[in-house]
Amino acid sequence: MISHLCAATPVLYILWIAMAQIAAGQEDREKTTALKDLLSRIDLDELMKKDEPPFTFPKTLEEFEYAFNEYGQLRHLKTGEPFVFNAREDLHRWNQKRYEALGEIITQYVYELLEKKCNMTKQILPEERTDDEPTSFIYLSPDALSNPSKLLVLIHGSGVVRAGQWARRLIINQDLDSGTQIPFITRAMEEGYSVMVLNPNENYLEVEKSAMSSPLPSPTEPSDEPAEKRDRKDDKEGKKKREFYEKYRNPQKETETERIPIRENSSSEEHVLYVWDHFVSQAKAKNVFIMAHSYGGLSFVELMNQRETEVKEKVCAVALTDSAHNIWLQETSKGTQDWMQQHCCNWVSSPEPVDTLLDPMLRDCPRVSAGTERHELTSWMSFDSIFRFFNKSLETKEDEEAEETSNTVTTRSSSLKYKHQDL
């Protein structure tokens, strides 16, 4: 009997371990289920808003306690340090809102530079408009329409940037020269160009959404539960949710807005086409030069699709920087592609030294290195190269015109000589 019990002991022990594991597994499953239930009730986005400070930020650089120094760098007035994004380590959304508020101040600051430093004037668009419709604008040099020689048109990329900017990030974290169009405008004016600064991202007026425009809640599916029981259940669940929310977060509601498009300027492509039709094509400049960054390059190619003949007649050269255009997707004509090969150059992000010729990706314009791998820096790093390209293009055009004139005069002189001999 004792021997039988001794023999059975290992088996009982194994059985006991197995039962303990089953019980533990059951307990783990229950814990997992409870955890999943808890997580299903937590809105992680809302949880991140816990204890957020109000979204009220300074309205000026001085109130932000920042200023641009003599080198065009943004620095803190007290510490002299660059801008710090993570002002509060655990509040990413609040930090982002603060950064955006500073960005709006930067935009106004650049507008002031265009008006005061570059002596440019704001031209409201569309030209013929009603008093209550939303508007956009561009900036024009005093001689933008009257200069008979050269006109430079600047087109920035997509995103939050506005007239006069290449990249907000560069303005805030690096300096004004690399992030704005000011150096291009200043040099162009020194070399006898008139200038137009386009504003292709100013496409709509954003207004607070009225209560009437909010969609009505969708009707719920009918339930077989008695009304009293359903009401008690809803009250109980609602109370639980309220207690849970009050315990874990105090979210801020953001204002709901709607966008009213600006007539004939509701997209970058529309804006570039409108400015061409109403301003560039009306300018007296014999030679038009265009510089376009990123999505601005796509908008230029779309302009060529719409106004191919006019562009070929008026534009001398086009400088692109990391252009987003695609001649296949945009279905450009062979004539446009041939013209772009002769009159365009695209400075792209690359580790190669600036102006190094790169393999063409498509049959459009030559691609050369901008001397940087950072997309937003391609315009600034190509600064000198672009003006050399413009000057060379103008010299080539003038030489060709002079040769044509010379050939015409020679032909006419020969014709008169033969006529004289006949007489």
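It should be emphasised that the depicted structure is a prediction, and the values quoted were computed from it without experimental measurement.

Student: An account of the pairing of strand 6 (residues 193–197) is needed here, citing residue identities and associated values.
Tutor: Burial analysis of strand 6 places five of its five residues in the buried class, the great majority of the element. Of the two faces of strand 6, both are covered, the one formed by Tyr193, Val195 and Val197 as well as the one formed by Ser194 and Met196. Pairing analysis gives two bridges linking strand 4 (residues 136–140) to strand 6, with the strands arranged antiparallel. Following the sheet pairing, Leu140 is matched in strand 6 by Met196. Of the pairings in the sheet, the one linking strand 5 (residues 150–155) to strand 6 comprises five bridges and is parallel in character. Looking across to strand 6, one finds that Leu151 is bridged to Ser194.

Student: Go over the pattern of salt bridges, please, and point to the residues and values.
Tutor: In the structure shown here, the tally under the stated rule is 15 salt bridges. The residue Glu104 makes a salt bridge to Arg168 at a minimum N-O spacing of 3.6 Å. A residue pair is termed long-range when its members are at least 10 positions apart, and Glu104 in helix 4 (residues 92–116) and Arg168 in helix 5 (residues 168–173) qualify at 64 residues. Take Glu104: its relative accessible area is 47%, and that puts it in the partly exposed class. Note that Glu376 is salt-bridged to Arg374, the shortest N-O span being 3.1 Å.

Student: How would you summarise the packing of aromatic side chains if you had to cite specific residues and measurements?
Tutor: The tally for this structure, following the rule as stated, stands at 20 aromatic pairs. Relative to Phe390, the ring of Phe387 lies with its centre 6.2 Å away and its plane at 80°, an arrangement referred to as edge-to-face. Highlighted residues: Phe387 and Phe390, both in helix 14 (residues 383–422), separated by three residues, approximately one helical turn. Through successive ring pairs, a cluster of aromatic residues spans Trp166, Phe184, Tyr193, Phe289, Trp347, Trp380, Phe383, Phe387, Phe389 and Phe390. Over the ring of Phe137 we find Lys122, and its NZ or CZ is 4.3 Å from the ring centre. Seen from the ring of Tyr193, Lys150 lies directly overhead, with NZ or CZ sitting 4.1 Å from the centre.

Student: Quick rundown of the layout of surface pockets? Include the residues and the values.
Tutor: Taken as a whole, the largest pocket encloses approximately 1200 Å³ of empty space. If you trace the largest pocket, you find 32 residues lining it, with Lys97, Glu100, Ala101, Glu104 and Glu206 closest to the centre. Elements represented by at least two residues in the lining of the largest pocket include exactly helix 4, strand 7 (204–208) and strand 8 (257–261). Ranked by the residues each element gives to the lining of the largest pocket, the list is headed by helix 4, at eight residues. Here the residues of the lining of the largest pocket are counted per class, giving 13 nonpolar, eight polar and eleven charged. When residues of the lining of the largest pocket are assigned to domains, at least three fall in each of domain 1 (56–118) and domain 2 (120–206 + 261–405). The wall of the second largest pocket is formed by 17 residues, among which Cys316, His343, Ser393, Lys397 and Glu400 lie closest to the centre. In terms of residues, the lining of the second largest pocket owes the most to one element, helix 14, which gives nine residues.

Student: Let's hear about the pairing of strand 5: which residues, and what values?
Tutor: The element strand 5 is largely enclosed, with a buried count of six among its six residues. Alignment of strand 5 against strand 9 (residues 287–293), held across six bridges, turns out to be parallel. Considered in strand 9, the bridge of Leu151 is made with Val288.

What counts and how
- Residues numbered from 1 in each chain as written.
- Predicted model: local features only at pLDDT ≥ 70, side-chain atom pairs only at ≥ 80, totals over all residues.
- Heavy atoms only, no water.
- Buried < 20%, exposed > 50% of the residue type's maximum accessible area, 1.4 Å probe, protein only.
- Helix = DSSP H or I, 4+ residues; strand = E, 2+ residues; numbered from the N terminus.
- Pairing = 2+ DSSP bridges.
- Salt bridge = Lys/Arg side-chain N within 4 Å of Asp/Glu carboxyl O.
- Phe/Tyr/Trp six-rings, centres within 6.5 Å; stacked < 30°, edge-to-face > 60°.
- Lys NZ or Arg CZ within 6 Å of the ring centre and 35° of its normal.
- 1 Å grid on protein atoms, 1.4 Å probe; cavity = no way out; pocket = protein on both sides within 12 Å on 5 of 7 lines; lining within 4 Å.
- Points joined across faces, edges and corners; volume = space filled by probe spheres on them.
- Nonpolar A, V, L, I, M, F, W, Y, C, P; charged D, E, K, R; others polar.
- Domains from an automatic or database assignment.

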